[in-house]
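Chain and residue survey
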Amino acid sequence: MVLGVTADGYRDILGLWTSGGGEGAKYWQSVLTEIKNRGVKDCLILVCDGLSGLPEAVAQVWPQTVVQTCIVHLLRNSFRYASRKDWAAMAKDLKPVYTAPNEAAAVERFAEFAGIWESSYPAVVKLWERAWSEMVPFLAFDTDIRQVIATTNAIESLNARYRRAASACGHFPNEQAALKRLYLATLALDPTGRGRQRWSNRWKGALNAFDITFDGRLSAGQR
């Protein structure tokens, strides 16, 4: 599922896709090309969960797009390698890394984190090292931008709704039937409009910061 945010702060589900043949650069390029052909001329930032081949595909479709790893997913993946009793302490030691004022400070904080945890959980340190180039763009942005891209909780919320909708049916005769069920669940989202209003209230500061950071690409009428 792809969720887009327009320059007006309107959140729109751009589509639902399934992939029986696996995911990779070729697959993601077909998805992004479809979205571009439907009218999405530009994409400032694409936030994702370290999906294989996606950064390469984005570079082909929207060369100026910044690919940003979702911080929440990065933390969640880190905890997979750690004992539950250490989660709270690890989260506390990681927070100074992704909340650092700039990349140089983040490097220092990460070195401190590695010094504490690498002997116990070397895979966690390697995970952050591999994701580093797609994590650090976030650190160069204004606080207002950080607040709206720090997490893909909006997508996680939608995925939870989709899982409930799918589980309620139990079984589908084919893939198309499952997609239709998810489409109906999409239509039932936010019937009062309160969620959209809360998002809009947070958007103005981010909009100003986006327009300055990305040299007027928003005010030029691009989406």
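That block above? That's the structure.
Note that this is a predicted model, so its numbers are computed, not measured.

Here we look at the overall build of the protein chain
A count of helices and strands for the protein chain gives 10 helices and four strands. The linear arrangement of helices and strands in the protein chain, starting from the amino end, is β-β-α-β-α-β-α-α-α-α-α-α-α-α. Taken against the 2.2 N^0.38 rule, which gives 17 Å for 223 residues, the C-alpha radius of gyration of the protein chain at 19 Å falls within 12% of a compact globule. The principal-axis extents of the C-alpha atoms in the protein chain amount to approximately 50 × 45 × 35 Å. In the protein chain, buried positions account for 38% of the 223 residues. In the protein chain, the share of contacts with a sequence separation of at least 24, taken over all contacts with a separation of at least 6, comes to 63%. Carbon and sulfur atoms provide 52% of the accessible area of the protein chain, an area that totals close to 12,800 Å². Within the protein chain, the 22 negative side-chain charges are centred at a point lying 9 Å from the centre of the 27 positive side-chain charges.

Observations concerning the packing of aromatic side chains
Think of a pair of aromatic rings as described by two things: how far the centres are apart, and how the planes are tilted against each other in angle. Applying the stated criterion across every chain yields a total of nine aromatic pairs. Ring geometry for F113 against W117: centres 6.4 Å apart, planes inclined by 35 degrees, an arrangement best described as tilted. Of this pair, F113 and W117 are both found in helix α5 (residues 103-117), four residues apart, which corresponds to roughly one turn of the helix. Since its relative accessible area comes to 1%, F113 is described here as buried. A residue is classified by how much of its surface remains accessible, and W117, at 8% relative accessible area, is buried. Three or more aromatic residues joined by ring pairs make a cluster, and in this case those are F110, F113, W117, Y121 and W132.

Description of the pairing of strand β1 (residues 2-5)
Sheet topology note: the β1/strand β2 (residues 11-15) ladder contains four bridges and is antiparallel. Bridge pairing links G4 to D12 in β2.

A few points about the nonpolar core
Counting 40 residues, the largest nonpolar core has I45, M90, F113, W128, M135, I149 and F210 as the members making the most contacts within it. Looking at this core, the elements with two or more residues in it are α3 (71-79), α4 (87-98), α5, α6 (122-135), α7 (143-149) and α10 (194-213). If one sorts the elements of this core by residue count, α6 sits on top with seven residues. Setting aside its immediate chain neighbours within four residues, M135 contacts Q68, T69, I71, L74, V97 and W128. In this structure, C43, L46, C48 and V61 belong to the second largest nonpolar core, which totals 15 residues.

Notes on the side chain of T65
One can find T65 in the loop between α2 (54-61) and β4 (66-69). Only 2.5 Å separates the side chain of T65 from the backbone oxygen of C43, close enough to count as a polar contact. Non-local contacts of T65, meaning those with residues more than four positions away in its chain, are made with C43, L44, I45, L46 and V58.

What counts as what
- Residues numbered from 1 in each chain as written.
- Predicted model: local features only at pLDDT ≥ 70, side-chain atom pairs only at ≥ 80, totals over all residues.
- Heavy atoms only, no water.
- Helix = DSSP H or I, 4+ residues; strand = E, 2+ residues; numbered from the N terminus.
- Rg over C-alpha atoms; globule rule 2.2 N^0.38 Å.
- Buried < 20%, exposed > 50% of the residue type's maximum accessible area, 1.4 Å probe, protein only.
- Contact = heavy atoms within 4.5 Å.
- Areas by Shrake-Rupley, 256 points an atom, 1.4 Å probe, with all protein chains shown as cover.
- Lys, Arg positive; Asp, Glu negative; His and termini not counted.
- Charge placed at Lys NZ, Arg CZ, Asp CG, Glu CD.
- Phe/Tyr/Trp six-rings, centres within 6.5 Å; stacked < 30°, edge-to-face > 60°.
- Pairing = 2+ DSSP bridges.
- Core = buried A, V, L, I, M, F, W, Y, C linked by side-chain atoms within 4.5 Å.
- Polar contact = N/O pair within 3.5 Å; in protein donor to acceptor, adjacent residues only side chain to side chain.

Note that every value here comes from positions in space, so none of it alone points to a role or purpose.
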